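Secondary and tertiary structure notes
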Amino acid sequence: MPDRADPVRRRDISPRRPLRRRPTEQSLFSCIYGLVLASALVAALDATGDNADPGPDALWVVLTALAAGAAHGYAHVIALRASADGRAASSRLRLVLAEWPLVAATLPTVAMLLAAVAGWWSEAAAVDTALLFNTAALFCWGAWAARVSGYGWPSACRAGAMDMLIGLMIIIADTLID
C-alpha cells in the first residue's frame, strides 16, 4: 500500500495549475458587468401594484445593455485615439464589437421577462428569478475565473462569493426600496 505522503500517488490538482483556456479579461469584465447591469435594471424597473408591464422592462434591459456596450467600446476607441496608437480603423470597430458578452449576459434576464409577457409567470416571479439567477451566475463566473487561473476550490469559492455579494446587495436594495 503506497504511503499517503507519497507525492506521486496524490490525486490533488496543484492549486496553481490552470485547468482550461483562460477567459479574456474583456469577456470576464463584460459578463460580470452585464449581469450586474441586468440585475440593477430589473430591480429598478420592477413595478409594484397594477403597473407591472414586463415587455417594456425587457426592452429597456436590452437597450441599456446595447448602449452600455457601445459606450464601453467607444471609450476604448477614444483611449486608443488618445494614446496615439496607429492601429487601423477596423481594430476600433472590433473594440466596440468586443463588448458583445455584456449584451449576452443580459439575455437570460430578458428571456425571463419575456416569459412573463407570454403569461408563463408573473412579472414579480420573473424579476425574483432573474435576480437569483444573476446572483448565482455571478458566483459561477467568479469561481470559474479563479479555477482557470489555477486557484484551488476554496479560493475559487471565495472569489465567487465576493462576486455574488454584488448580486445580494442588489436583492437587498430591491427588497428595502420596494
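Residues numbered from 1 in each chain as written. Predicted model: local features only at pLDDT ≥ 70, side-chain atom pairs only at ≥ 80, totals over all residues. Heavy atoms only, no water.

**Points about the overall build of the chain**
The helix and strand inventory of the chain stands at six helices and zero strands. Counting helices and strands in the order they occur from the N terminus, the chain gives α-α-α-α-α-α. Going through the 178 residues of the chain one by one, you find that 34% of them count as buried. Sequence separation of at least 24 residues holds for 70% of the intrachain contacts in the chain that already meet a minimum separation of 6. (Helix = DSSP H or I, 4+ residues; strand = E, 2+ residues; numbered from the N terminus. Buried < 20%, exposed > 50% of the residue type's maximum accessible area, 1.4 Å probe, protein only. Contact = heavy atoms within 4.5 Å.)

**A word on helix α2 (residues 54–82)**
When the terminal C-alpha atoms of α2 are compared, their 41 Å separation across 29 residues agrees well with the 42 Å that a helix rising 1.5 Å per residue should span. P54, D57, A58, V61, A65, A68, G69, G73, V77 and L80 are the residues of α2 that are buried. (Expected span 1.5 Å × (residues − 1).)

**Quick notes on the environment of R147**
For R147, the location among the structural elements is in helix α5 (residues 123–148). Overall, the relative accessible area of 9% leaves R147 in the buried class. Remark: the alpha-carbon pair of R147 and C157, spanning 10 residues in sequence, is separated by 9.0 Å.

**Considerations on the packing of α5 against helix α6 (residues 153–177)**
The geometry of a pair of packed helices is captured by two quantities: the angle between their axes and the separation between those axes. Interhelical geometry of α5 versus α6 gives an angle of 155° and a closest axis separation of 7 Å. Comparing the axis directions of α5 and α6 gives the class roughly antiparallel. The two elements α5 and α6 meet at a crossing, and its hand is right-handed. Residue composition of the contact of α5 with α6, grouped by class: 17 nonpolar, four polar and three charged. (Axes fitted to C-alpha atoms, helices over the stretch in contact; angles between N-to-C directions. Parallel < 35°, antiparallel > 145°, perpendicular 65-115°, else oblique. Left-handed = near helix turned anticlockwise from the far one by under 90°. Nonpolar A, V, L, I, M, F, W, Y, C, P; charged D, E, K, R; others polar.)

**Describing the packing of aromatic side chains**
In this structure the tally under the stated criterion is two aromatic pairs. Considering the side-chain rings of F29 and Y33, the 5.8 Å spacing of their centres and the 20° angle between planes classify their relative orientation as stacked. Here F29 pairs with Y33, and both are found in helix α1 (residues 25–45), just four residues apart, close to one helical turn. Accessibility expressed as a relative area gives 42% for F29, which makes it partly exposed. For the pair W141 and W144, a centre-to-centre distance of 5.5 Å together with 80° between the ring planes defines the contact as edge-to-face. Of this pair, W141 and W144 both sit in helix α5, three residues apart, which is roughly one turn of the helix. Under the relative-accessibility criterion, W141 is labelled partly exposed at 25%. The class of W144 is partly exposed, set by a relative accessible area of 31%. (Phe/Tyr/Trp six-rings, centres within 6.5 Å; stacked < 30°, edge-to-face > 60°.)

**Regarding the confidence of the model for the chain**
Chain-level pLDDT for the chain is 85 on average; 82% of the residues reach the 70-or-more range. Looking at the elements of the chain, mean pLDDT is at its lowest for helix α3 (residues 89–97), recorded as 77, and at its highest for helix α4 (residues 100–117), recorded as 96. (pLDDT = per-residue confidence, 0-100.)

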